[in-house]
Amino acid sequence: QRLNNMADSDRYKRARTDGTDGGDTAQLSAAEATQYDRQIRLWGVGAQQRIRSTRLGVVGRLNGLAAEACKNLVLAGIRSLVLADAGDATADDLSGNFLIVPDELGKKRADVIRPKLQLLNKNVDITVDTEPWASKSDLQAFVTQFDFVIVTGTSLHDMVTLNKHCRQGGVRCLCGDVYGFDGWFFADLLHHAYAVETKQRDPETGEETTTTTQHEASFVSFEEALGTSMAGRSARRLPQLFLTLRALFELTAGETKPLVPADVSEKQLETARKAALAALDVTQDTALPIARLRAFVNGLTIGLGAVAAVVGGLVAGEVIKVASAKDEPVDNLFLFEGATSLGTVERLQSKVKAAAPAPAASVSVD
């Protein structure tokens, strides 16, 4: 391991000083090697090069989660970023998106956000796409131009649709959002191979050794995850935030416009609640109190900045982990309840054997 680190360091120094081919750093200029100095020392030259080749698309509403994730990934030095949002900035954006200020309301969110992200890193190619994704003549071709797609700020049904297209095209997909004090994201990484390093110190000599183990994981689609079975779990151990997400999926079925919380009746909430519990094979009627569901729905249009910072930061971290092929990824649902500052991971599985996803698209480095 020490010899590997020395070799890695030597390639890194060559890239910093003259920009010549340093093996893994062939695509890093001397200026970039200097710019990403701290990151290279943290996760190595090879990982930085793989991050540098990543093409990312962010689709939906550029909300607080998207802003936080994009900020972190632009700073990390990805190759390119497409901001695919057709909407205008509204007052709702001010509660969670730090890249939008009151003077910019009414302007295209993507046009407002792009130059601010570009200031963070001039080496990342950042473009905007203000055509509604649902209007694209070839949605499959649109998503397959990316290595990763982050979907946020849109309905769960839209997320299912976009995830299907990503899965068919071999594109890894992260879906997530922030609703009031609650935030979450789901990862469909298709089939992912990664390395985990474990450090151990000899109690007698004090010498530290590092062991690297290789792992693989297969992921289900978002649609399959929404139909997971939670039969047999006690009410206390059921993830209430996921139950509310499943109720929201029922509540918005067939809707073409964003849900207006004030227009949702108690009867609609109760119907969605029961349908969600039935779909998840949950027999405890008290597992999802109607008051919890009402509070959740009331926060749908308000994404708090503090929650967006937590969830958006973790989303960016997942992209970095997967792009660098290092460390164990979230498999597959992360839930964060801001009221208690509690974050949990649920591994959701399909009730039936899932069809094999398309292989992940290879990352090309030009």
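Further up the page is the structure itself.
The structure contained in this document is the topic of the report that follows. (Residues numbered from 1 in each chain as written. Predicted model: local features only at pLDDT ≥ 70, side-chain atom pairs only at ≥ 80, totals over all residues. Heavy atoms only, no water.)

1. As for the pattern of salt bridges
To keep things clear, this is the line we draw: Put simply, a salt bridge is a Lys or Arg side-chain nitrogen that is within 4 Å of an Asp or Glu carboxyl oxygen. Helical segments are the DSSP runs of H or I of at least four residues, strand segments are the runs of E of at least two, and each set is numbered from the N terminus. Only protein chains enter the accessibility calculation, which uses a 1.4 Å probe; a residue is then buried when its area is under 20% of its type maximum, exposed when over 50%, and partly exposed in between.
Evaluation of the coordinates by the stated rule reveals 24 salt bridges. The partner of Glu68 in a salt bridge is Lys71, and the shortest N-O contact between them spans 3.3 Å. In this pair, Glu68 and Lys71 both sit in helix H5 (residues 64-76), 3 residues apart, roughly one turn of the helix. Note that Lys116 and Glu104 form a salt bridge whose closest N and O atoms lie 2.8 Å from each other. Taken together, the residues span a long stretch of sequence, with Lys116 in helix H6 (residues 109-118) and Glu104 in the loop between strand S2 (80-84) and H6 at a distance of 12 residues. The exposure class assigned to Lys116 is partly exposed, which follows from its relative accessible area of 25%. Using a relative accessible area of 14% as the deciding quantity, one classes Glu104 as buried. Residues joined by salt bridges that share partners form a network here, namely Arg61, Asp85, Asp93 and Arg109.

2. A closer look at the pairing of strand S7 (residues 191-201)
Formally: Only strands that DSSP links by at least two bridges are regarded as paired with each other.
Here S7 runs beside strand S8 (residues 208-218); their pairing, made up of 11 bridges, is antiparallel. When the sheet's bridge partners are listed, His191 is paired in S8 with Ser218. Between S7 and S8, which follow one another and run antiparallel, lie 6 residues, and Gly206 among them has a positive phi close to 80°.

3. Notes on the sheet that holds strand S9 (residues 333-337)
Note the threshold: A fitted line through C-alpha atoms serves as each axis, taken over the contacting stretch for helices, and the angle formed by two N-to-C directions is quoted from 0 to 180°. Contact definition: two residues touch when any of their heavy atoms are within 4.5 Å.
Sheet architecture is open: 8 strands sit in the order S3-S2-S1-S4-S5-S6-S9-S10, paired in mixed fashion. Taken across any chain shown, the strands that pair with only one partner, and hence form the sheet edges, are strand S3 (125-129) and strand S10 (342-346). Put simply, the sheet's adjacent strands are angled 15° from each other on average, direction ignored. Sheet topology note: the strand S6 (residues 182-188)/S9 ladder contains 5 bridges and is antiparallel. Of the residues in S9, the one forming a bridge with Phe185 is Phe334. Contacts from H5 reach strand S1 (55-60), S2, S3, strand S4 (148-152), strand S5 (172-179) and S6, with the element oriented near 155° to S4. Along the sheet, helix H13 (residues 305-324) makes contact with S4, S5, S6 and S9, crossing S6 at roughly 15°.

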